[in-house]
Amino acid sequence: MSFDDKKHIRGQVLALKSFKKSRQLNCFADCSTTVSLAFRRCGANMTLAKQTLELWRGTMKEVGGKFGTGVLSYFKFLKWLLMFNIFSFLVNFGFITIPQLIYHPTPDIPAGVSFKGLEILTGAGYFSHTVMYYGGYSNKTQGTGGRSEYNMQLAYFFTVAAYMVLCGAALIYSMASSFRKKYVLADSGLGGAWQLLCSWDFSVTNEKAVRQRKNNLRIQLKAATLLLPFVVSLINLVVPLFYSLFKKIEHYSNPRMQVYAIIVRNVILKMSILGILCYYWMKDVANTFSCWESIVGQALYRLVIMDFLFIMLGSFFGEFLSNVIGTKCIQSLGVPEFDVARNVLDLIYAQTLAWIGIYFSPLLPVIQIIKFFILFYLKKVSLTLNCQPPRRAGRAAQMQTIFIAILFFPSFVGALSMVAYTVWILPPSDKCGPFRGLNTTFSAIQIWMDDLNRVDAFQWTVWIYQHVIRSEIFYFLISLIILVFIYIFRQITQGRQLLIILLRQQIVNVSSGELSGPTCLVHQSCCVRSGCVYVMMLLKCRSNIFS
Amino acid sequence: MGTTASQLRKDLLSEYQELTFLTKQEIILAHKRFSELLSKEDRNVPTPRVPMEKVLSLPELKSNPFRKRICHVFSTSDMKDGSLTFEDFLDLLSAFSDSATLEIKSHYAFRIFDFDDDGTLDGGDLEKLVNCLTGETDDTRLTTEEMRQLISNILEESDIDKDGTVNLSEFQHVISRSPDFVSSFKIVL
């Protein structure tokens, strides 16, 4: 539809609206139109505000224009993780640190300890007595009886819990929507010729990049003509045996399988190391040291700093040195490409450390925010100086789904389990921290519930706590209901797939001139979203035949 | 170029906001870039038209293999010369913007790929499409045999009613299975 047609229609709609308005003096209709208009304007203004405040917009457009959407997805992922940390910082600082600073403005540091520069690297020394770590928080209820009271124990527990729950919800939501939009609908076999043609990246503006992509696309198209049928059947044979035939994947010519193999190995390695460290902290450190949460917090601080140094080293070796070797020493290697998978996995590992550290060091997100900020500019400079644009169009959308899934499953769930184990089972240290003297951290909630029980107005809260949160039957029933729903939806999905196959066959039959198939099939398919295309085509074929 | 004379009127701005997927800032930026393309005489004409060569000098379109087709599809000129008015330009940016829906993008992609403007993608259109994407010189093109094989693969994959051409519904169906399409079909100033 051309612009003039759109303006014409808009003019007609406005004329109709003003005509209607002059006839109907209906207050309600007037109100509702004004309200809906206000909402739409509000939404437009909010998008505008979001765009102006958007961080790094110019830089990301530059990177996307030169290197394409595959490399841009790394920077988008970095920005998304940064938002998590900024939110965590705001929540922790606002609800935990500020009350602590108001009531105890000066930290009680033992004599003889002063700030030396080394603390920034080790996290110990001066920092271990400040609000940086768990040990720096008091366990008293702040404020006297007359003024409003602030229970530090409950604040600490609920802040960490609320942050984890919101993080989990955000991750699940983005994983589900990404999966639905980008993974399920994608072609399950090898990208056919159409996939290659439609994947042309219109946002690439650099001429050299465009030329290289054209070269690469040509090679891929040539391969598609020769290998397509063979490779498709081979994939359908091998994919179900993915895990048992790990070795076969090594020799596989499909680059996507190679990337998956790299990702799986990387994730297993990093998570095993973290798992062993966590086990050591939970078992040995918790029993040996007096203020063990701060010790764990310091260890995590050091891990975060060390990880940052290693990412910088990785940038140096992976990009700078490869560039030097590729251009000066061994010409055949050429300029390196930006390895998106490896870098995103580094980011996921860094974020796992931050999530584990939330409970032990409430201000760790500050370090993480600084680290991500520096990392963004470091990677951008390294990319511009050392790397060339990727020659083949990567499957950015599917890889993004996988990265979010890895961020959720081993990373977030692992961190959450460790924090949950600490809160539920381990006894907090009795000399420092907001939970000193209690049997477990969770006892604070129990004590609070007992207090509430004495007040009549809050009996409903106590009832919810005793019969919903602490009862096992509730969780059992919920799991059962969820399983039933999953089963029902799976049956619906399978039914629809069968329907699609039937409709496809019917289209071919109808267009080749045979009138077949009951018309009731068309009615049923009206409910099927993906079948709509087939229905339209079916009706078109029928009308062609009858015209 | 005087800034006051070439600024958009407020009512036009809100009208464009309602009729396209662009935000206010993007429309103002588009107006600025469009005015830079105008020659001095055209500036005072009520609805100036920029010739195709000038549009193709934009850095966002310069290296795009489909630049000429894009201009032809969005042009409303009677002479079919690919020249764009400001509203055509906004139409272009709106179809290629972040917030445009999959239906709009696939519709315009279909029109861009339809080289002979007959409403379907037949063998000739597909051949021109592949040549656009692989290169213009003789040694970068596919051989006739490879082209024939490729086109038959494409048709087998997407021609559902087996009539030898890909119509809009079949094209949209193929596109819906390609999740990278929405993020790749983007031009931002």
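Just so you know, these numbers come straight off a predicted model, no measurement behind them. (Residues numbered from 1 in each chain as written. Chains lettered and ligands numbered in written order. Predicted model: local features only at pLDDT ≥ 70, side-chain atom pairs only at ≥ 80, totals over all residues. Heavy atoms only, no water.)

Caption draft 1: Quick peek at the packing of aromatic side chains. Within the structure shown, the criterion is met by 44 aromatic pairs over all chains. Taking the centre distance of 5.3 Å and the plane angle of 85 degrees together, the rings of tyrosine 359 of chain A and phenylalanine 360 of chain A count as edge-to-face. Neither residue differs from the other here; tyrosine 359 of chain A and phenylalanine 360 of chain A are each classed as buried. Ring centres 5.2 Å apart and planes at 50 degrees place the aromatic pair phenylalanine 66 of chain B and phenylalanine 113 of chain B in the tilted group. Here phenylalanine 66 of chain B is found in the loop between α4 (59–62) and α5 (67–74), whereas its partner phenylalanine 113 of chain B is found in helix α7 (residues 102–113), with 47 residues between them in sequence. Relative accessible area serves as the criterion here: at 1%, phenylalanine 66 of chain B is assigned to the buried category. Of the aromatic side chains, those joined through ring pairs into one cluster are Phe202 of chain A together with Phe66, Phe74, Phe96, Tyr108, Phe110, Phe113, Phe171, Phe181 and Phe185 of chain B. Sitting above the plane of the phenylalanine 115 of chain B ring, arginine 69 of chain B keeps its charged end 5.7 Å from the centroid. (Phe/Tyr/Trp six-rings, centres within 6.5 Å; stacked < 30°, edge-to-face > 60°. Buried < 20%, exposed > 50% of the residue type's maximum accessible area, 1.4 Å probe, protein only. Helix = DSSP H or I, 4+ residues; strand = E, 2+ residues; numbered from the N terminus. Lys NZ or Arg CZ within 6 Å of the ring centre and 35° of its normal.)

Caption draft 2: Region of interest: the side chain of threonine 440 of chain A. Residue and element names in this part refer to chain A. Along the polypeptide, threonine 440 turns up in the loop between α14 (396–424) and α15 (443–453). Judged by its relative accessible area of 18%, threonine 440 falls in the buried class. Excluding residues within four positions of it along the chain, threonine 440 makes contact with Val423, Trp424, Ile425, Leu426 and Pro428. (Contact = heavy atoms within 4.5 Å.)

Caption draft 3: Spatial organisation of the domain arrangement of chain B. Residues and elements named next belong to chain B. Considered domain by domain, chain B is made up of domain 1 (11–96) and domain 2 (102–185). Once you take the C-alpha centre of each, domain 1 and domain 2 turn out to be 26 Å apart. Opposite the 10 residues of domain 1 that make contact, domain 2 presents 13 residues. Regarding the contact of domain 1 and domain 2, the summed buried area is about 1,100 Å², with carbon and sulfur atoms giving 73% of it. (Domains from an automatic or database assignment. Buried area = accessible area lost by both parts, 1.4 Å probe.)

Caption draft 4: Geometry of the packing of helix α11 (residues 292–329) of chain A against helix α13 (residues 364–386) of chain A. All names here are of chain A. At their nearest, the axes of α11 and α13 sit 11 Å apart, and the two run at 0 degrees to each other. Judged by the angle between their axes, α11 and α13 are roughly parallel. Seen from α11, the contacting residues are Tyr301, Val304, Ile305, Asp307, Phe308, Ile311, Met312, Ser315, Glu319, Phe320 and Asn323; seen from α13, they are Leu364, Ile367, Gln368, Lys371, Ile374, Leu375, Leu378, Lys379, Ser382, Leu385 and Asn386. Here the residues of the contact of α11 with α13 sort into 13 nonpolar, 5 polar and 4 charged. (Axes fitted to C-alpha atoms, helices over the stretch in contact; angles between N-to-C directions. Parallel < 35°, antiparallel > 145°, perpendicular 65-115°, else oblique. Nonpolar A, V, L, I, M, F, W, Y, C, P; charged D, E, K, R; others polar.)

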